[in-house]
Amino acid sequence: MAGAKEHGGELSCQELVELVTDYLEGALDERTSARVAAHLADCDGCADYVEQMRATVSMLGRVETSSLDEVALAELMAAFRTFHTDQRG
Amino acid sequence: MRLLEVRAGTAAPLGAGALASDGMRDKELVECLRRGDEQAFAEIVVAWSPIMVRIARMHVSTDASAEEVVQETWLAVIQGLPRFEGRSSLKTWVLRILTNRAISRGLRESRTTPMSSLVPPDGAVDPNRFHSADESWPGHWTPLGRPAPLADDPEGSALAAERRAALVAALQCLPERQRSVVAMRDVAGLTSREVCAALEITPVNQRVLLHRGRTALRTALERLHRRGEV
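Residues numbered from 1 in each chain as written. Chains lettered and ligands numbered in written order. Predicted model: local features only at pLDDT ≥ 70, side-chain atom pairs only at ≥ 80, totals over all residues. Heavy atoms only, no water.

All right, on to the overall build of chain B then. Summing up its helical and strand segments, chain B has eight helices and zero strands in all. Shown N-terminal to C-terminal, the secondary structure of chain B runs as helices and strands in the order α-α-α-α-α-α-α-α. Counting only residues that meet the buried cut, chain B has 51% of its 230 residues in that class. Of the contacts formed within chain B by residues at least 6 apart in sequence, a portion of 69% connects residues at least 24 apart. About 11000 Å² of surface is accessible on chain B, with carbon and sulfur atoms providing 55% of the total. (Helix = DSSP H or I, 4+ residues; strand = E, 2+ residues; numbered from the N terminus. Buried < 20%, exposed > 50% of the residue type's maximum accessible area, 1.4 Å probe, protein only. Contact = heavy atoms within 4.5 Å. Areas by Shrake-Rupley, 256 points an atom, 1.4 Å probe, with all protein chains shown as cover.)

Right, let's talk about the overall build of chain A for a bit. Along its length, chain A carries five helices and zero strands. Written out in order from the N terminus, the α and β elements of chain A read α-α-α-α-α. Split into buried and exposed, the 89 residues of chain A put 45% on the buried side. Contacts in chain A between residues at least 24 apart in sequence constitute 59% of all its contacts with a sequence separation of at least 6. Total accessible area on chain A is roughly 4600 Å²; 49% of this is exposed by carbon and sulfur atoms.

Right, let's get into the confidence of the model for chain B. All names here are of chain B. Overall, the predicted model of chain B reaches an average pLDDT of 86, with 83% of residues at or above 70. Scored below 50 in pLDDT, residues 1-21 shows 49 contacts in the model against residues more than four places distant or in partner chains. Of the two predicted TM-score estimates for the complex, the pTM is 0.86 and the ipTM is 0.87. (pLDDT = per-residue confidence, 0-100.)

Here we take up the nonpolar core. If you look at the biggest cluster of nonpolar residues, it comprises 65 residues, and the most contacted ones within it are Leu 33, Phe 41, Trp 48, Trp 74 and Leu 90 of chain B. The element best represented in this core is helix H2 (residues 38-57) of chain B, accounting for 11 residues. Core analysis: the second largest hydrophobic core is formed by 17 residues, Leu 19, Val 36, Val 50 and Met 53 of chain A among them. (Core = buried A, V, L, I, M, F, W, Y, C linked by side-chain atoms within 4.5 Å.)

In this structure the tally under the stated criterion is 20 salt bridges over all chains. With its nearest N and O atoms 2.8 Å apart, the salt bridge here joins Arg 57 of chain B to Asp 63 of chain B. (Salt bridge = Lys/Arg side-chain N within 4 Å of Asp/Glu carboxyl O.)

Residue and element names in this part refer to chain B. Packing of helix H6 (residues 176-187) against helix H7 (residues 192-199) brings their axes to within 9 Å, and their N-to-C directions diverge by 145 degrees. Like other packed secondary-structure pairs, H6 and H7 cross with a definite hand, here right-handed. Packed against H6, whose contacting residues are Ser 180, Val 181, Met 184 and Arg 185, the element H7 presents Ser 192, Val 195, Ala 198 and Leu 199 at the interface. Here the contact of H6 with H7 is composed, by residue class, of five nonpolar, two polar and one charged. (Axes fitted to C-alpha atoms, helices over the stretch in contact; angles between N-to-C directions. Left-handed = near helix turned anticlockwise from the far one by under 90°. Nonpolar A, V, L, I, M, F, W, Y, C, P; charged D, E, K, R; others polar.)

This next bit is on helix H2 (residues 13-24) of chain A. Compared with an ideal rise of 1.5 Å per residue, which puts 12 residues at 16 Å, H2 of chain A spans 16 Å between its outermost C-alpha atoms and is within 8% of the ideal. Among the residues of H2 of chain A, Cys 13, Leu 16, Val 17, Leu 19, Val 20 and Thr 21 of chain A are the ones counted as buried. (Expected span 1.5 Å × (residues − 1).)

The subject of this paragraph is the interface of chain A and chain B. Taken together, the contact between chain A and chain B spans 50 residues of the former and 63 residues of the latter. Interface of chain A and chain B: buried area, both sides summed, is about 5000 Å²; carbon and sulfur atoms make up 66% of it. The tally of links between chain A and chain B comes to five salt bridges. Arg 146 of chain B is paired through a salt bridge with Asp 48 of chain A; the nearest N and O atoms lie 3.1 Å apart. Joining chain A to chain B, the criterion identifies 22 residue pairs in polar contact (both at pLDDT 80 or more). Of all the elements in the fold, those that place two or more residues in the side of chain A that touches chain B are helix H1 (2-6), H2, helix H4 (44-61) and helix H5 (70-88) of chain A. No other element matches H4 of chain A, which puts 13 residues into the side of chain A that touches chain B. Per-class residue counts for the side of chain A that touches chain B are 24 nonpolar, 15 polar and 11 charged. (Buried area = accessible area lost by both parts, 1.4 Å probe. Polar contact = N/O pair within 3.5 Å; in protein donor to acceptor, adjacent residues only side chain to side chain.)

All chains considered together, the criterion is met by six aromatic pairs over all chains. Ring geometry for Tyr 49 of chain A versus Trp 141 of chain B: centroids 5.8 Å apart, planes at 35 degrees, classification tilted. On the criterion of chain membership, the pair formed by Tyr 49 of chain A in helix H4 and Trp 141 of chain B in the loop between helix H4 (90-110) and helix H5 (158-172) is interchain, its members lying in two chains. Trp 141 of chain B matches Tyr 49 of chain A in its accessibility class, with the two residues each being buried. An aromatic cluster of three or more residues is present, and its members are Phe 80 of chain A together with Phe 41, Trp 48 and Trp 74 of chain B. (Phe/Tyr/Trp six-rings, centres within 6.5 Å; stacked < 30°, edge-to-face > 60°.)

Note that Cys 13 of chain A resides in helix H2. Assessed through its relative accessible area of 0%, Cys 13 of chain A is described here as buried.

Right under this line is the structure:
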C-alpha cells in the first residue's frame, strides 16, 4: 500500500505513539525496535512526536526545586546524635 | 569508611549510579549508621536529600512542605534503622518511606489547596488526530493532528520557568502511581531498577506507568505551546 509505505512501513502512527516509551527505554524486541526506527526515519509527524516526548522528559529534569538548608541539616544531625546517645545511655 | 563525596544543592537530576549502594557496601553503611557514625549519616543526608526533595515536591504543594517531608523521612530513618532488615537496599528503603509520606501529605493538602482542581491532562493521544479506519492511511496523522516541533524556550527565560511550573502542575494531577514513577525517573533521575525496587512494581508495570504519565505530560506541554502561539 503506497500510503503506508510513504508513512514508514507497517506500523501506523497511532500504534507508534503507544510504543514510544518502550522504544526510548530500549525495552522493545529487536524486530519491533527496527520497525519503529524505520517508521521514524520516514515520518516527520512521528519524529516530531518522539522529539516532544524527549523535550517533556528533559524539561522535567530541569524543574527547579529547593533543598534542605543548613538549619534543617543541623537539626537532623542533632536528632541522629541524640538518638544514639539515648540508645547507649 | 569513606563514602563517595557527592555535593548537594544542584538542580540537575543526579545520576543515581554514583549512589547505588550495593551488596557489601550497603551492609557496611547500615552498620556504620547503627553504630552512630555521624559522618556516614551526614554523607547520605547530603547526597540523597536533593533527589528526595525533587521527588517529594511532585506530590506536595510547596517547597517548604517538600523539605518537611524529607526531614520527617530522615527522622523516621533514624528511628527505624535498628529494625531495618536489609531486604532491600538502604536507599530503596529510604525512598519508599519518602514516597509514602509525600503521597499522604499531598492527599491531606489537596483537600485544602486548589491543586486537584486543575484539569487532569488526557493520557492517550486524541484518536481524532489520526485517520480513521474508513479513510486512506488509517492510523496515520491527519494534517491537522500531526505534531509540530515545540519552539525552544530560551533557558532562564520567564516563559521557560512558567512552562516548567505548568508542567509540574500537570504532573501533580496524574494518578498517584504514574506521578510517583515520573517524579522518580524524570524529575529525580533515578534508574528504572531503583524505581521498581522503591515502589515494589515490576519493570513492565513501571514502563506502563511511565508511558501513561509521560504521554499525559507531553499532551499538557503541547497545549501550553499551542496556547503560547495564539
